[in-house]
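Now for the letters of each chain:
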Amino acid sequence: MSKKLEFSLSIPALAEYVGVVRLAVSGIATRMNFTIDEIEDIKISISEACTNAIQHAYGDETNPEKDKIDIKIYIINNDLEIIVKDFGTGFDLSILGTKEQKENSKAKMGLGLGLTFIKSLMDKTDFKSTIGKGTEIQMQKKSQNIKTPSAA
């Protein structure tokens, strides 16, 4: 029988709230007995996912009262799954990794390595995006040393 716990956060699309998400995910991962290195990987990945949404989803005219980022954190059996969803402009996933995408990212914010970091730090990743409706980043981390938190 599979065991599933769910945690949800919704934050304004503002950089100052990314730390709140990092703390929440770090606390859950710690309670699941991930190693310090694994927790750092998870924190970097969630930060990159949220920062991408803040920088790219809503454009230059972010309205923090309206523009949100939803974060769902699941413990499924002993795996940690995180979904970061924005409701912004979305983008064509086929451009990921292309010269065009790298040039656009570099011109807009700098290095444009956020999705690459997430892919390299997490065990499994999936990206979904619909132009005009937003982007969803799904990531999963597995550990050999996991203990599912009790409801107590």
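Criteria and cut-off values
- Residues numbered from 1 in each chain as written.
- Predicted model: local features only at pLDDT ≥ 70, side-chain atom pairs only at ≥ 80, totals over all residues.
- Heavy atoms only, no water.
- Helix = DSSP H or I, 4+ residues; strand = E, 2+ residues; numbered from the N terminus.
- Buried < 20%, exposed > 50% of the residue type's maximum accessible area, 1.4 Å probe, protein only.
- Contact = heavy atoms within 4.5 Å.
- Core = buried A, V, L, I, M, F, W, Y, C linked by side-chain atoms within 4.5 Å.
- Pairing = 2+ DSSP bridges.
- Axes fitted to C-alpha atoms, helices over the stretch in contact; angles between N-to-C directions.

Section: the overall build of the chain
Here is step 1: Of the regular secondary structure elements, the chain holds 4 helices and 5 strands.
Here is step 2: Secondary structure of the chain in N-to-C order comes out as β-α-α-β-β-α-α-β-β.
Here is step 3: Here the chain, with 152 residues, has 39% of them falling under the buried criterion.
Here is step 4: Look at the contacts in the chain between residues 6 or more apart in sequence, and 69% of them connect residues 24 or more apart.

So, the nonpolar core
Inside soluble globular proteins, nonpolar side chains tend to come together where they are buried.
Here is step 1: Membership of the largest hydrophobic core comes to 31 residues, with the highest contact counts inside it found for Ile71, Leu80, Ile82 and Val84.
Here is step 2: The set of elements that each furnish at least two residues to this core consists of helix 1 (18-31), helix 2 (36-57), strand 2 (68-76), strand 3 (79-86), helix 4 (114-121) and strand 5 (134-141).
Here is step 3: Considering each element in turn, this core owes the most residues, 8 residues, to helix 2.
Here is step 4: The residues touching Val84, leaving out its near neighbours within four places in the chain, are Ile46, Ala49, Cys50, Ile69, Asp70, Ile71, Thr135, Glu136, Ile137 and Met139.

Structural notes on the side chain of Ser26
Here is step 1: One can find Ser26 in helix 1.
Here is step 2: On the basis of relative accessible area, Ser26 is assigned to the buried category, the value being 15%.
Here is step 3: Ignoring anything within four residues of it in the chain, the contact list for Ser26 reads Ile39 and Lys43.

Observations concerning the side chain of Gln140
Here is step 1: Mapped onto the fold, Gln140 is located in strand 5.
Here is step 2: The residues contacting Gln140, other than those within four sequence positions of it, are Asp79, Leu80, Glu81, Met122, Asp123 and Lys124.

Quick notes on the sheet that holds strand 1 (residues 4-12)
Here is step 1: Across the sheet, 5 strands lie side by side as 1-2-3-5-4; this open sheet has antiparallel pairing. Here the strands that pair on one side only, and so sit at the sheet edges, are strand 1 and strand 4 (124-130). Strand-to-strand twist of the sheet, defined as the mean angle between neighbouring strand axes without regard to direction, takes the value 10°.
Here is step 2: In this structure, strand 3 lies alongside strand 5, joined through 6 bridges in antiparallel fashion. Each residue of the ladder has a partner; that of Val84, found in strand 5, is Ile137.
Here is step 3: The strands touched by helix 2 are strand 2, strand 3 and strand 5; relative to strand 3, the strand with the most contacts, the crossing angle is about 10°.

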